[in-house]
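The residues making up each chain are set out below.
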Amino acid sequence: NKDARAELKIKKIRAMEELTQIVSRLVEEKLRAADPSSDRYEEDLDKLLTVQQVLQSHPFSGINRKVQIKPSKWAAVPEAGSADGGAAPPASREVAVEALFIL
């Protein structure tokens, strides 16, 4: 779905497995790249580790496993290649910059 304000529901087993892999990669990147002395680092890492643990705690089966992502804050981002020499303002699209993650 290309609507930045649309809610995303992940229910299919393959999509849940893919989400689990993405979260695991984010945890690895956070552990390698960030400054562990910052408060934000610890807060972000704790949240990612919690999500990772919940996603990995039980097999993906049945109707009781789903993830919802509800955008809560948006921003306009210029479209790539939308500048036309300055005659008109560049085209932009709306993207979600904050979202509620519901397990």
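The present account deals with the structure reproduced in this document.

About the criteria used
- Residues numbered from 1 in each chain as written.
- Predicted model: local features only at pLDDT ≥ 70, side-chain atom pairs only at ≥ 80, totals over all residues.
- Heavy atoms only, no water.
- Helix = DSSP H or I, 4+ residues; strand = E, 2+ residues; numbered from the N terminus.
- Contact = heavy atoms within 4.5 Å.
- Core = buried A, V, L, I, M, F, W, Y, C linked by side-chain atoms within 4.5 Å.
- Buried < 20%, exposed > 50% of the residue type's maximum accessible area, 1.4 Å probe, protein only.
- Salt bridge = Lys/Arg side-chain N within 4 Å of Asp/Glu carboxyl O.
- Axes fitted to C-alpha atoms, helices over the stretch in contact; angles between N-to-C directions.
- Parallel < 35°, antiparallel > 145°, perpendicular 65-115°, else oblique.
- Left-handed = near helix turned anticlockwise from the far one by under 90°.
- Nonpolar A, V, L, I, M, F, W, Y, C, P; charged D, E, K, R; others polar.

### A look at the side chain of Thr20
Topologically, Thr20 is positioned in helix 1 (residues 13–33). Residues contacting Thr20, with those up to four places away along its chain left out, are Leu55, Gln56 and Phe60.

### Quick word on the nonpolar core
Within the largest apolar cluster, 8 residues are counted, these being Ile10, Met16, Leu19, Val23, Val51, Leu55, Phe60 and Val67. Within the residue set of this core, elements represented by two or more residues are helix 1 and helix 2 (39–57). Considering each element in turn, this core owes the most residues, 3 residues, to helix 1. Among residues more than four places away in sequence, those in contact with Met16 are Ile10, Lys11, Leu55, Phe60, Arg65, Lys66 and Val67.

### Side note on the pattern of salt bridges
Enumeration over the complete set of coordinates arrives at 9 salt bridges. Here Glu7 and Lys9 are joined by a salt bridge, their closest N and O atoms 3.8 Å apart. On the basis of relative accessible area, Lys9 is assigned to the partly exposed category, the value being 44%. Note that Glu98 is salt-bridged to Lys73, the shortest N-O span being 3.9 Å. Taken together, the residues span a long stretch of sequence, with Glu98 in strand 3 (residues 92–102) and Lys73 in strand 2 (residues 67–78) at a distance of 25 residues. Classification of Lys73 by relative accessible area gives partly exposed; the value is 44%. Through salt bridges with shared partners, a single ionic network connects Glu7, Lys9 and Lys70.

### Brief notes about the packing of helix 1 against helix 2
Between helix 1 and helix 2, the shortest axis-to-axis distance is 9 Å and the interhelical angle comes to 150 degrees. Relative to helix 2, the element helix 1 is oriented roughly antiparallel. Crossing hand, helix 1 versus helix 2: left-handed. Of the residues in helix 2, those touching helix 1 at Met16, Leu19, Thr20, Val23, Ser24, Leu26, Val27, Lys30 and Leu31 are Tyr41, Asp44, Leu45, Leu48, Leu49, Val51, Gln52, Leu55 and Gln56. Across the contact of helix 1 with helix 2, the residue classes break down as 12 nonpolar, 4 polar and 2 charged.

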